[in-house]
Amino acid sequence: MFEKDEWTQQELYKYTKELEQEGINVVLVDTILKPLDNIETMTYNPYEMSQMPENTVFVFYCDTGKTTKERLNFYRKKLPNHKCVSLRGGRGYWRPNYQLLNDI
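Only a predicted model underlies this, so the values are computations on that prediction, with no experimental measurement involved.

Asker: Could you give me a rundown of the side chain of D30, with the residues and numbers involved?
Answerer: Along the polypeptide, D30 turns up in strand 2 (residues 26–30). One polar contact links D30 to Y61, side chain to side chain, over a distance of 3.5 Å. Those residues in contact with D30, other than ones at most four positions away along the chain, are P35, T41, M42, T43, Y44 and Y61.

Okay, here's the thing in structure tokens:
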């Protein structure tokens with residue numbers, strides 16, 4: 001899951017569910033001041049984010065996903081004790097009504 005620098009929306013939901021069972025928080029970080037529909041987001045604030053538990057995973061998004069992917073090394077330097085990932089496709093590919101269904 002952490003071998004990749006970016007997660008799709010489906011992977012975000014899947015990995016969030018898996019990590020929360022292990023007691024690890026996944027936080028979706030808004031870098032463009034445009035919150036996503038139907039999911040809780042946090043505005044980028046390095047100080048506030050650095051105060052969160054060390055095992056927190058931050059998933060950054062922008063309009064296209066390109067800028068946050070390019071800036072991952074910057075975010076990782078700012079938050080060395082946390083995992084940082086980019087949301088693939090950013091806000092443009094976000095499907096507000098998407099749901100992760102359990103296998104039947």
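Next comes the rest of the description.
Asker: Would you mind going over the sheet that holds strand 2 in detail, with residue names and values included?
Answerer: Taken in spatial order, the 5 strands line up as 1-5-4-2-3 in an open sheet, and their pairing is parallel. The outermost strands of the open sheet, each flanked by one partner alone, are strand 1 (6–7) and strand 3 (42–43). As judged from the 2 bridges shared by strand 2 and strand 3, these two strands associate in the parallel manner. Residue pairing in the sheet places D30 in a bridge with T43 of strand 3.

Asker: Tell me about the side chain of E11, and name the residues and values.
Answerer: As for its position among the elements, E11 is in helix 1 (residues 9–21). Residues contacting E11, with those up to four places away along its chain left out, are K4, E6 and T16.

Asker: Before we move on, can you summarise the pattern of salt bridges with the specific residues and values?
Answerer: Using the criterion set out here, one finds 5 salt bridges in the structure. Ionic pairing is found between E11 and K4, a salt bridge with its closest N-O pair at 2.1 Å. What makes E11 buried here is its relative accessible area of 15%. Connected through salt bridges with shared partners, the residues E6, K69 and R88 form a single ionic network.

Asker: Go over the packing of aromatic side chains with me, naming the residues and quoting the values.
Answerer: Each aromatic ring pair is described using two quantities: the centre-to-centre distance and the angle formed by the ring planes. Within the structure shown, the criterion is met by 9 aromatic pairs. Measuring from ring centre to ring centre gives 6.0 Å for Y13 and W94, while their planes differ by 45 degrees; the resulting arrangement is tilted. Of this pair, Y13 sits in helix 1 while W94 sits in the segment after strand 5 (83–87), and the two are 81 residues apart along the sequence. By relative accessible area, which is 9% here, W94 ends up buried. Members of the aromatic cluster, each reached through a chain of ring pairs, are Y44, F58, F60, F74 and Y75.

The rules behind these values
- Residues numbered from 1 in each chain as written.
- Predicted model: local features only at pLDDT ≥ 70, side-chain atom pairs only at ≥ 80, totals over all residues.
- Heavy atoms only, no water.
- Helix = DSSP H or I, 4+ residues; strand = E, 2+ residues; numbered from the N terminus.
- Polar contact = N/O pair within 3.5 Å; in protein donor to acceptor, adjacent residues only side chain to side chain.
- Contact = heavy atoms within 4.5 Å.
- Pairing = 2+ DSSP bridges.
- Salt bridge = Lys/Arg side-chain N within 4 Å of Asp/Glu carboxyl O.
- Buried < 20%, exposed > 50% of the residue type's maximum accessible area, 1.4 Å probe, protein only.
- Phe/Tyr/Trp six-rings, centres within 6.5 Å; stacked < 30°, edge-to-face > 60°.

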